[in-house]
Amino acid sequence: MLTKIQLEDFKTKLTARKAQIEKNLTGTTLELDEMRNLELNDEGDYAAASAESAVDSAILMQQRKELNEIELALDKIKKGTYGVCEMCEDPIGRKRLEVKNFARFCITCREINEKEQK
């Protein structure tokens, strides 16, 4: 089980990452709005803007997904269920949580879950 100090450390990391993502989302959304309002001079400008917009949209989707995972993890800290695998209910290893602070599954269950997703 995680100590109170370790839990606080994870909470701090998750909260900092959440703030960074929210800042990124706001900035990227503003950039996309500005790009939509640009007067594009030719097909090359339009193609470049479209490609950049597609990449930004993909990044936005990934960041929103991560933000949801972080909010779920912060909620688990409040409820006292953080660091417990959602499938087998065994503790998630601290090293795994260090790598992925918002991990929902232990390594074994993560592999099972990913296979089921495919």
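The structure under discussion appears in the preceding block.
Reading the values: rules and limits
Residues numbered from 1 in each chain as written. Predicted model: local features only at pLDDT ≥ 70, side-chain atom pairs only at ≥ 80, totals over all residues. Heavy atoms only, no water. Salt bridge = Lys/Arg side-chain N within 4 Å of Asp/Glu carboxyl O. Helix = DSSP H or I, 4+ residues; strand = E, 2+ residues; numbered from the N terminus. Buried < 20%, exposed > 50% of the residue type's maximum accessible area, 1.4 Å probe, protein only. Contact = heavy atoms within 4.5 Å. Core = buried A, V, L, I, M, F, W, Y, C linked by side-chain atoms within 4.5 Å.

## As for the pattern of salt bridges
Counted by the stated rule, this structure contains 10 salt bridges. Across the pair aspartate 9 and lysine 13 runs a salt bridge whose closest N-O atoms are separated by 3.4 Å. You can see aspartate 9 and its partner lysine 13 sitting in helix H1 (residues 4-36), four residues apart, about one turn around the helix. You can call lysine 13 partly exposed: its relative accessible area is 30%. The closest approach of N and O atoms between glutamate 71 and lysine 18, which form a salt bridge, is 3.8 Å. In this pair, glutamate 71 sits in helix H2 (residues 43-79) while lysine 18 sits in helix H1, placing the two residues 53 residues apart along the sequence. Exposure remark for lysine 18: the relative accessible area of 23% places this residue in the partly exposed category. Here the salt bridges do not stand alone but share partners, grouping Asp9, Lys13, Arg94 and Glu98 into one network.

## Quick look at the environment of isoleucine 21
Inspection of the secondary structure assignment puts isoleucine 21 in helix H1. The exposure class of isoleucine 21 is buried, given its relative accessible area of 0%. Residue contacts for isoleucine 21: discarding those within four places in its chain leaves Gln63, Glu66, Leu67 and Ile70.

## Focus: the nonpolar core
With 19 residues, the main nonpolar core has Leu14, Ile70, Tyr82, Cys85 and Leu97 as its most contacted residues. Among the elements of the structure, H1 and H2 are those that each provide at least two residues to this core. Considering each element in turn, this core owes the most residues, six residues, to H2.

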